[in-house]
Amino acid sequence: MSEQSTQGAPDGAGDAATFDVKAVEHKWLPVWERLDPFRADDASPKERKYALTMFPYPSGDLHMGHAEVLALHDVIARYWRFRGFEVLNPMGWDSFGLPAENAAIRNDEHPSTYTYANIETQAASMRKYGLAFDWSRRLHTSDPEYYRWTQWLFLKFREQGLAYRKNSPVNWCPQDQTVLANEQVLADGTCERCGAEVTKRELTQWYFRTTAYAQELYDCLDELQDTWIGKVVNAQRNWIGRSEGAHVRFRVAGRDEPVTVYTTRPDTLYGATFMVVAADAPLAAEIVAPERREALAAYVEEIRKASDIDRLATDRTKTGVDLGVTATNPVTGEQVPVWASDYVLADYGTGAIMAVPAHDQRDLDFARVFGLPVRRVVDTGEANPEETYEATTGNGTYVNSGPLDGLTDKAQGISTIIARLEADGTGEGTVNFRLRDWLLSRQRYWGAPIPIIHCPVDGEVPVPEDQLPVELPALRGADLKPKGTSPLGAATDWVEVSCPTCGGPARRDSDTMDTFVDSSWYFLRFLSPHDDTQAFSSELAEAWGPIDLYIGGDEHAVLHLLYARFFTKVLRDMGLLTWQEPFSAYLSQGKVINAGRKMSKSLGNGVDLGKQLDEFGVDAVRLTLVFASPPEDNIDWADMSPAGSLKFLQRAWRLSGDVTSPAGVDVSGGDRVLRSVTHRTVRDAEELVESHRFNVMIARTMELVNATRKAIDSGCGPADPAVREAVEAVAILLSMVTPYVAEEMWERLGHAPSVAQATWPVVDEALLVQDSVVAVVQIQGKVRARLDVSPGISATDLEALALADAAVIAAIDGREVRKVVVREPKLVNVVV
RNA sequence: GCCCCCGUAUCCCAAUCGGCAGAGGAAGCGGUCUUAAAAACCGCGCAGUGUGGGUUCGAGCCCCACCGGGGGCACCA
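The structure presented is a predicted model; accordingly, all values stated were derived computationally and were not measured. (Residues numbered from 1 in each chain as written. Chains lettered and ligands numbered in written order. Predicted model: local features only at pLDDT ≥ 70, side-chain atom pairs only at ≥ 80, totals over all residues. Heavy atoms only, no water.)

### Section: the protein's contact with RNA strand B
With respect to spatial proximity, 53 residues lie near RNA strand B, and among them Thr-264, Arg-362, Arg-434, Arg-786 and Asn-829 are the closest. One of the side-chain N or O atoms of Arg-436 is found 3.2 Å from a base nitrogen in RNA strand B. The separation between a base oxygen of RNA strand B and a polar side-chain atom of Arg-823 is 3.2 Å. In terms of residue count, the dominant contributor to the surface near RNA strand B is helix H23 (residues 694–714) (7 residues). Its residues assigned to classes, the surface near RNA strand B shows 20 nonpolar, 12 polar and 21 charged. (Near = heavy atom within 4 Å. Polar contact = N/O pair within 3.5 Å; in protein donor to acceptor, adjacent residues only side chain to side chain. Helix = DSSP H or I, 4+ residues; strand = E, 2+ residues; numbered from the N terminus. Nonpolar A, V, L, I, M, F, W, Y, C, P; charged D, E, K, R; others polar.)

### Topic: the layout of surface pockets
Picture a little ball the size of a water molecule; that probe, rolled over the atoms, points out where space is still empty. Approximately 320 Å³ is the volume attributed to the second largest pocket. Forming the boundary of the second largest pocket are 20 residues, of which Trp-32, Glu-33, Leu-131, Phe-133 and Trp-135 lie nearest the centre. Going through the elements one at a time, helix H1 (21–35), helix H4 (111–128) and helix H25 (739–748) are the ones with two or more residues in the lining of the second largest pocket. In terms of residue class, the lining of the second largest pocket is made up of 10 nonpolar, 3 polar and 7 charged. (1 Å grid on protein atoms, 1.4 Å probe; cavity = no way out; pocket = protein on both sides within 12 Å on 5 of 7 lines; lining within 4 Å. Points joined across faces, edges and corners; volume = space filled by probe spheres on them.)

### Focus on the nonpolar core
Core analysis: the biggest nonpolar cluster contains 184 residues, and Tyr-129, Phe-154, Phe-208, Trp-438, Phe-523, Leu-524 and Met-736 have the highest contact counts within it. Here the element with the most residues in this core is helix H2 (residues 64–82); it accounts for 12 residues. Residue contacts for Trp-438: discarding those within four places in its chain leaves Ala-181, Trp-206, Tyr-207, Phe-208, Thr-210, Asp-514, Phe-516, Val-517, Ser-520, Tyr-563, Phe-566 and Phe-567. In this structure, Val-248, Val-259, Met-275 and Leu-407 belong to the second largest nonpolar core, which totals 38 residues. (Core = buried A, V, L, I, M, F, W, Y, C linked by side-chain atoms within 4.5 Å. Buried < 20%, exposed > 50% of the residue type's maximum accessible area, 1.4 Å probe, protein only. Contact = heavy atoms within 4.5 Å.)

### Re the packing of helix H22 (residues 672–690) against H23
Contact geometry of H22 with H23 gives a least axis separation of 9 Å together with a crossing angle of 170°. Here H23 runs roughly antiparallel to H22, going by the angle between their axes. Along the contact surface, H22 presents Leu-674, Val-677, Thr-678, Thr-681, Asp-684, Ala-685, Leu-688 and Val-689, while H23 presents Phe-694, Val-696, Met-697, Arg-700, Thr-701, Leu-704, Ala-707, Thr-708 and Ala-711. In terms of residue class, the contact of H22 with H23 is made up of 11 nonpolar, 4 polar and 2 charged. (Axes fitted to C-alpha atoms, helices over the stretch in contact; angles between N-to-C directions. Parallel < 35°, antiparallel > 145°, perpendicular 65-115°, else oblique.)

Below, the structure written as structure tokens:
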């Protein structure tokens with residue numbers, strides 16, 4: 001399109017038919033920078049809104065996905081400003097992370113070279129993209145001024161007992177040579193970042209105690225149900241995995257402490273014919289009979305070798321080993337054998353289960369392999385599991401179950417048994433979660449160092465706060481090569497320090513923090529990004545927060561969004577925040593795909609944002625992305641028409657040259673029909689933006705453009721003040737999506753820049769009232785007549801009018817009228 | 001296996017409370033302009049809402065079952 005635009009028109013006006021996309025972009029950027037209309041005033045007396053979109057990782061330049069989320073986000077930020085709010089709308093970079101480190105190794109340089117070069121590239125692209133950010137609040141998580149406070153927060157969490165170290169089997173990515181959090185391992189057992197098959201290693205690592213907040217993180221999802229997109233709430237529910245059940249204690253011969261199992265079916269306790277403990281849990285080694293110790297060790301060795309992929313195959317034959325001890329079923333008093341197997345997970349529940357083979361398929365499969373007894377205690381009317389090898393899990397009549405015999409209600413069975421266990425002191429009802437603690441250490445360089453010093457005398461010693469930040473040592477290139485331990489460990493001068501407590505020789509913790517730690521609190525740092533006295537201001541958080549609308553991608557449905565929620569709750573309990581939740585509303589944007597497939601280098605179907613911008617201009621690309629579909633749907637670029645968007649923008653722009661009435665003209669006497677359309681459009685736009693239906697808002701704006709065109713060419717004519725009113729409304733509505741064209745229109749309409757500072761049109765309710773409306777008359781639900789009636793018509797008048805209509809009488813055709821449903825003023829339905 | 005979401009015209013998508021299935025766009029077709037084409041402008045709506053039941057005066061919308069697509073969880077006891 002650019003080759004068709006008029007060259008040599010530096011004012012951006014072009015000829016009479018089209019405006020010059022490129023010239024307009026060059027013309028307005030410096031003006032906007034001078035006016036800087038989007039700076040947020042902390043002292044403003046206005047009501048406030050905090051608009052936030054997920055800050056990017058600086059990998060190369062912006063791509064189509066960024067372009068979409070930024071365009072969507074800009075609509076709401078600009079809208080709130082128009083509606084009189086003081087808007088906080090900051091942007092920054094999530095700039096620690098692996099790609100920079102890998103690039104540094106490749107190019108023998110420091111990760112900051114890649115990182116900060118990309119940040120500048122992206123910042124320049126965002127500038128050109130015309131976004132309503134307050135750039136004075138820009139931050140980068142890799143700046144020492146930022147990660148100083150990330151480290152400070154880590155120390156505070158540790159003081160609360162919410163950051164701790166433990167030895168445990170952890171997820172290990174052999175490609176990235178670092179451990180991963182549970183959330184970073186995909187369902188198929190591969191690394192979320194690089195796709196390599198994740199293995200297990202036994203390591204001592206730092207964790208955040210997210211499980212301490214599992215219940216609250218789960219419960220608060222109810223409050224987010226209506227303002228967060230449903231699938232994300234659902235994903236978090238599934239991830240936290242709340243379940244209700246009971247702890248039941250089994251006495252084990254020769255051991256003082258009973259073994260506690262977790263079960264969701266305590267009502268089947270009478271059918272528990274054996275027990276299984278996780279083979280790799282310490283408990284197994286503890287209770288195993290001496291003569292079975294070797295067998296257990298061999299089994300554990302065997303399962304260690306199996307990959308997660310193998311372990312996840314659910315149709316695999318069960319394996320296990322008899323521990324040679326028995327446990328006492330607390331209700332039957334029976335002695336049942338105790339086995340160890342890898343089908344019981346060490347880190348879920350108590351790492352031990354009671355096996356009820358008749359009513360649990362996994363237990364039944366195990367019982368079959370090892371010839372263990374099956375006892376049915378719920379008769380569901382289905383065939384006996386002992387014969388069919390199909391466990392029955394439904395409701396039924398309890399049998400062989402002592403006090404439960406004859407009961408038919410599962411809930412009652414469960415509560416009866418729990419009451420009995422509690423009375424006996426052998427168990428109690430409990431709630432269990434699937435959520436694990438958050439593994440936060442990483443054996444990589446480009447992250448915030450963990451501010452702990454390990455002293456042979458004093459143990460873990462926190463770095464004194466006045467010594468923060470613990471800055472990264474200057475390593476580059478080959479020094480950073482992953483070797484399974486942190487590259488920081490090899491920086492001798494950096495690692496070897498004296499203990500802050502005793503002064504003796506000690507070593508710094510050489511791991512860095514997961515970059516999700518950095519992004520778990522950045523929305524708080526935006527409140528005062530240059531404050532060097534505190535991480536964030538509680539007063540400003542109170543004034544601005546929580547975030548009114550957060551927009552981002554589904555890939556963070558359980559990662560970042562869950563971690564940020566956890567941080568918020570911890571900070572609240574520390575008295576630093578009053579927020580219950582960080583994000584009052586959350587909207588996820590779909591992906592931009594191409595020709596039905598995800599864009600990727602290997603498919604060669606990538607769409608380059610820069611090329612699209614060059615060809616169609618910023619406005620047309622933004623318009624295309626916002627107009628394409630509801631925000632959360634995927635956009636297939638192959639189905640889109642940026643050329644069509646540009647065509648529309650030219651049409652809209654042309655209107656601004658046709659207006660002949662002067663700026664500030666009294667519009668009250670203008671053409672009523674057009675004025676009604678304008679005011680109706682503005683009112684609809686308000687509702688549509690507030691409900692995030694931006695695509696429909698644009699459709700309405702297109703309608704207004706069409707109506708205005710018609711009014712100029714074959715209606716009231718260009719001089720009518722209603723035309724000016726309509727075109728000004730178009731400019732203001734469009735400025736939320738296509739700021740360059742809107743600014744150009746605003747100037748041509750005789751106004752000083754910027755349109756962003758224009759006053760939102762005040763809707764005249766009187767113009768929304770229509771003189772007459774069309775009422776439809778249905779016979780048996782089929783439309784038979786249309787009547788022009790007053791909007792205020794009464795039900796009786798409308799019914800009388802309808803029944804007197806000739807077409808209606810003909811349609812009734814003499815049949816008996818049994819009922820007339822009237823919904824004035826729009827509808828009458830006659831039942832015959 | 002369990003839990004969510006979505007199926008409307010050739011395509012992308014609209015349709016506040018259950019009330020005329022079509023707002024907007026793309027593509028297509030016809031026309032004006034043009035030597036011609038493109039652009040621009042004007043005009044044209046073709047499906048009865050995935051399928052089958054049900055509720056209702058009336059269902060795209062509510063209920064049930066199924067089919068198709070997408071997502072989350074999953075040896076989680």
